[in-house]
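Given next are the chains, with one letter for each unit.
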Amino acid sequence: MTQEYDVFICHRGETKRNFVSVLGGMLRSKGITCFVDYRMPIGNDVKLEIKGAIEKSKVFIVVLSPHFAQSKWCLDEIGDIMEIQDRMGTSRKVIPVFYDVESEMVRQQEKGTSYDLTKVKRSDAKKIGRWGKALKDVCELDRFDYNSSSMLQWEKSEEIVAKVEDFLISHRIIPGLGTKMPICRECVNYDVFICHWHKDTQRNVVSVLRGMLLCKSITPFVGGYGKDDVGSALDSDIIQAIKNSRVHVIFLSPKFVCSKRCLEEVFHIMEIQRTSDASHKPTVVPIFYDTEPSTVRYQIEGNAYYLDEAQKSSTADERERWASALHDLSLLHGVEYDPCSEYTFQWEKLYDVVKIVEASAKKNTPWNFRSKHEALYVKKIDEVFKELEQQEKREHVFLVGVYGRETSEFSDLMVQRLRSNFSGVCKLNNIMEKACQPNGISKIVQQMLSDLIHPSKSSDLIQPSTSNDVKRCQLRLENESCLVVLDDLGNDIDKIKTLLEDLKSILGNNSLVVVASQFQHTLQELNVHKFISLSSLESKRDFLNICYTERDGIHEAFLSHLSETFDMHGLDVRLLNEDKLMGDSTCLQDAKVILCVISKSFRLGEFKRMCTNAAIPSKIVYVSYGSYPTDESIPKPFFKMKVDSEKEKFNIPQFKRMVNEVVQALNERREEIMGAIDFPVGLAHRSYHIERSIRDCVLGSENSVQCFGLVGMGGIGKTTIATSIFNKIHSQFESSFFSLNTKAEVKAKGSVDMQKKIIAKLLKSRSDDAKIDNEEQGKVVLSSKVKHINALIVFDDVDDDRHLKAFCEPLQSSLAPKSVIIVTTRDRSIVESATSTMIFDIKGLDEEMSKRLFYWHAFREPKPPADLENISQSVIKACQGLPLSLKIIGSHLHGKSDREYWEDSLKLLQKGKEDIFDVLRISFDGLGTDEKEAFLDICCFLIHEDVELTCMILEACYSVGKTHLNTLKNKCLITTYVDEDDGRRSRIGMHDQLRDMGRHIILQKKRKRRYRAWDEETANEILQEKKARSSLRGLSVGSHIPFPEEASGCRSLRELRILVVKHDYLRDRTHNHAERGRLRPQDIFRTVRCRKLRWLRWEGAPFEELPQGLCSTKIQVLELPYSKISEVPSKQQKLFFLYKKLNSKNK
């Protein structure tokens, strides 16, 4: 049965080996399947194959060359193609290419021309009529004209390929991935210098080779590219390009020696070969293009390379040195390229050249160790190769296991280091992801064979797909030594063993197979010949040394703030005062980063004098404390912190930039670090004994997973402590997962989604790879997928023991001993039911820590102004050591110097101190009207939304977006965080106590004008009342949710500004059956009018066009992902712009 193709290329033999060969190669390199007759499997019925391929192809490229119409095969093919094109309802495209032929000749088909169809053998009037019509019809289509003598082949072919891509992508036949490789770009240093005579080769082979190299990210220099007159003299740019290039490719074509410039280039190239030492010699690749090596070597009278004839105007000395250079060049092993041979296909031949260039360019790259651990890696790699050589005749395949969290870098380094020692090299990533796909093991084997077998040896086996192909590959590889690296093995030991057995049956002759995994138990079960643990080689995060003086009264709270901020990022901090430095400057010897606090009595020069006997690290970050005048030039990175200054308050953004500078320098392995809060006061003291207890329990445990509980009231700091511990210890585990706001996540997306997330995070796979239909099945899948993994997992804010049964129980039964699960909760019985090893009761801050936290938020200083000190003490006491209250109230009072305002806030605080909502509400009541409404919108609809999108929505509703967000953030009512799983997008966060407070405000009867419905329960309650419906400002529901019957008479939601309809495909189908006859969102909103609507998001909207009632002229943000709607009313220009902008991303 003929396979389906994306493209069918109809052509005559005169274009097969050059133009068609390249066009087909370019298409295949982009993942576009392409039928060309010369690549058909041997033994297949040619006529049936061609007929079937035409029927099943989506795009037809018809190359109309001078002798095209003299082939009955070609004419029959174009006849079939144009008949398919004429069929109604077919999504096919025909792209004619007029190759060295005028369209009029094809259209007219006059006698005496090569398109005179009456001259075609074995033809009749019916066939001639059919062919003639097809040729005339093809002339009416959009076409490409190609003149091989004046146009650049690669550039023209790129235009054709782009046309094909556009069609296939627009019809969703192939995904729209990647960007086109730019051909023209400025460059100072080139990898390859291509020497050629432009009239012979530039428009064809040189053009194609240049394009292929650029696609491999190899930068070629081609002098005078695209120009007719390139001159005869060498300019300085050419000479510099020759000197700087690591590879020289020389096309020795028939008329090469007619160019004085080409001869001078050859002379300079060979002079470099003669004068350079062996380690610095560039690779020279002579390509004998339609020329014999002996012709170049001997240059006898009468042949094309006879210089006395070709360069009569040159001097005898010039001809002599050119002759010598050509002679030496001809003695180098090169590539013989016969463009007239029936066995020479341009793409395949030049692909061989590209491989040579690629290998040579890499071989000539000097080896510079970028880090200490890289040098250790190379040492291990060299040990492996030495052992492999000693294993000869004992093992056909030498199996090496590499264990660690960062195996990719080691694997890449191994390939780079050893590839020149093997005849074939293959490195494959994401092995388990590929193995779990249908026929995954066989596809991996096919890909390996494709990479190992050189095209020139087996052009038919580049993509082996049958058992016979595999056997033929095995025969070709039995005498070859190969290097195969399989990274990201995953956790399915049965699949891995099957794959390795297949590889061992194919490979031989002392081949090396390297299997890399982050899971130690996987490699132990494979019985590898050599085991390498990277954990002992990988660089650990060093101590951060903070150097300062005690002479200038640097406030203890500032030093504590520095220390605790870095502690929360998982770093170990050492505070070194001036006396310690003077006593022993060698304490800095092993430091990777130093944070030096420069102050009035501790200048830069003094710090350097103290460190004269120490090996100072390259990274020193300077922080200036205070606002003293200085004439010193302090090197960067330099950050000025004006703390305890009447003129300027503490600069939080500046402080954060400094922290990031230090963390990035110390986090060389780019380990995951959970975000830190602005002022982690008291964190180190509170978390240290918990972290130490966890470490001690893990060390003393051999046979079980350890579960720990952090219990305390909301806002007490459980999440902050868990985050700090996670950042400190997660790098000691094979995998880790932090579930933030578990209760909210499960409520919004369900437990199955959480189970998938756990599997994806621990296995570093996609969440949709795990096939789970329900929670009970998820427990089984979760248990089997993560078996024996040594992991750290945090479940934050768990309020239901069913969550523990869905997540913790399967993890406790399957994870490796010494794994750790941490659960934060307000309900002690939750963690007691989980048979926890230890439960920690989280208490509030003591008086001193409460003061520090409040002062930082209220004053951005470590101490209060004198006139507010007493009332500050009263406010702090009323907050009862609760970090969330101290943070919110402090931020509420920030910038307020009016003592009366403070006293009023204190009264409210004392009045509501028994109810956390009343405490938090003080900050809410201090907001402006629109700021309050914006806060309530966020509570109900915008938590976890993209920050930029949230700004647009608030601006649409209140004419101001970013300003409101900044106000709420400054008052600590919202936060922002970076979503690591979604391209590091910035999203909106909010403490669940604040969210619940906001929703509580909405539900109060006296606030009916602020009606919002954020779930099924609140939606049903509001939609039942006509008065409530008339005040409804925002609604978020699922498309499967049935509305109350009272809503059937609703014709207008006059105050509705926000409408979000979520689509759950599985639940939508079940509700279709169970709730037949009940009203759902699409039934209501077909007719209801929403004239004040600003933001509409409807996932999978079932309408063919947007209902008129939803076409509010005030809409500014419209999202319709996966909907049937293709356009919106054009009169609403602003709406249409945002519809395209947002919907195109989501579709």
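Everything numeric in this text was worked out from a predicted model, so none of it was measured. (Residues numbered from 1 in each chain as written. Predicted model: local features only at pLDDT ≥ 70, side-chain atom pairs only at ≥ 80, totals over all residues. Heavy atoms only, no water.)

A. Looking closely at the packing of helix α37 (residues 929-942) against helix α38 (residues 947-958). For the pair α37 and α38, the least separation of the axes is 11 Å and the interaxial angle reads 135°. By the criterion of interaxial angle, the relationship of α37 to α38 is oblique. α38 is crossed by α37, and the crossing has right-handed handedness. Residues D930, E933, A934, D937, I938 and L942 of α37 touch α38, and the partners they reach there are T950, I953, L954 and Y958. Counted by class, the contact of α37 with α38 contains 6 nonpolar, 1 polar and 3 charged residues. (Axes fitted to C-alpha atoms, helices over the stretch in contact; angles between N-to-C directions. Helix = DSSP H or I, 4+ residues; strand = E, 2+ residues; numbered from the N terminus. Parallel < 35°, antiparallel > 145°, perpendicular 65-115°, else oblique. Left-handed = near helix turned anticlockwise from the far one by under 90°. Contact = heavy atoms within 4.5 Å. Nonpolar A, V, L, I, M, F, W, Y, C, P; charged D, E, K, R; others polar.)

B. A look at the state of the cysteines. Under the counting rule described, the total for this entry stands at 0 disulfides. No disulfide involves C195; its sulfur sits 5.0 Å from the nearest other cysteine sulfur, which is in C262. (Disulfide = S-S within 2.5 Å.)

C. Spotlight on empty space enclosed by the protein. Per the stated rule, a full pass over the model turns up 3 cavities of 30 Å³ or more. The volume enclosed by the largest cavity comes to roughly 100 Å³. Contributing to the lining of the largest cavity are 13 residues, with H196, G223, R261, C262 and E265 lying nearest its centre. Elements represented by at least two residues in the lining of the largest cavity include exactly β6 (192-195) and α9 (260-275). (1 Å grid on protein atoms, 1.4 Å probe; cavity = no way out; pocket = protein on both sides within 12 Å on 5 of 7 lines; lining within 4 Å. Points joined across faces, edges and corners; volume = space filled by probe spheres on them.)

D. Broad picture of helix α27 (residues 742-749). Among the residues of α27, T742, K743, E745 and V746 are the ones counted as buried. Take α27 and look down its axis: the buried residues cluster within an arc of 165°, on one side only. When the buried face of α27 is taken as reference, the exposed residues oriented beyond 90 degrees from it are K747 and A748. Looking one or two residues past α27, G750 carries a phi angle of roughly 90°, positive in sign. (Buried < 20%, exposed > 50% of the residue type's maximum accessible area, 1.4 Å probe, protein only. Arc of directions from axis to C-beta.)

E. Just the confidence of the model for the protein, in detail. Residues at a pLDDT of 70 or more form 85% of the protein, whose mean pLDDT is 81. Predicted confidence for residues 1070-1074 stays below pLDDT 50, and this span has 4 contacts to residues more than four positions away or in other chains. Predicted confidence is poor over residues 1139-1147, with pLDDT under 50, and the contacts of this stretch with residues over four places away or in other chains come to 22 contacts. (pLDDT = per-residue confidence, 0-100.)

F. Region of interest: a negative patch on the surface. Negative charge collects at one region of the surface, where D290, E292, E336 and D338 lie side by side. Topologically, E336 is positioned in strand β10 (residues 335-337). (Patch = residues over 30% accessible without salt bridge, like charges linked within 9 Å, V, L, I, M, F, W, Y side chains within 5 Å. Areas by Shrake-Rupley, 256 points an atom, 1.4 Å probe, with all protein chains shown as cover. Salt bridge = Lys/Arg side-chain N within 4 Å of Asp/Glu carboxyl O. Lys, Arg positive; Asp, Glu negative; His and termini not counted. Charge placed at Lys NZ, Arg CZ, Asp CG, Glu CD.)

G. Geometry of the pattern of salt bridges. Per the counting criterion, the structure on display carries 47 salt bridges. Across the pair K51 and D80 runs a salt bridge whose closest N-O atoms are separated by 3.2 Å. One end of the pair, K51, is in helix α2 (residues 46-56); the other, D80, is in helix α3 (residues 72-86), and 29 residues separate them in sequence. Accessibility expressed as a relative area gives 45% for K51, which makes it partly exposed. With relative accessibility at 14%, the residue D80 sits in the buried group. Each of K51, D80, E83 and R130 takes part in one network of salt bridges that share partners.

H. Fine view of unusual backbone geometry. Even without glycine at this site, Q299 takes up a positive phi of about 50°. Mapped onto the elements, Q299 comes out in the loop between α10 (293-298) and α11 (307-310). Since its relative accessible area comes to 10%, Q299 is described here as buried. Unlike most non-glycine residues, S959 shows phi in positive territory, near 70°. When you line up the elements, S959 lands in the loop between α38 and α39 (962-970). Note on S959: relative accessible area 63%, which makes it exposed.

I. The side chain of R107, seen in detail. With respect to the helices and strands, R107 occurs in helix α4 (residues 103-108). Within the local environment of R107, its side chain forms a polar contact with the backbone oxygen of C139, the two atoms lying 3.4 Å apart. Dropping the residues within four chain positions of it, R107 is found in contact with K136, C139 and E140. (Polar contact = N/O pair within 3.5 Å; in protein donor to acceptor, adjacent residues only side chain to side chain.)

J. Structural detail: the packing of helix α28 (residues 751-763) against helix α29 (residues 775-785). Packing of α28 against α29 brings their axes to within 9 Å, and their N-to-C directions diverge by 10°. Here α29 runs roughly parallel to α28, going by the angle between their axes. Contacts between α28 and α29 involve S751, V752, Q755, I758, I759 and L763 on the former and, on the latter, E775, G778, K779, V781, L782 and K785. Taken together, the residues of the contact of α28 with α29 sort by class into 6 nonpolar, 3 polar and 3 charged.

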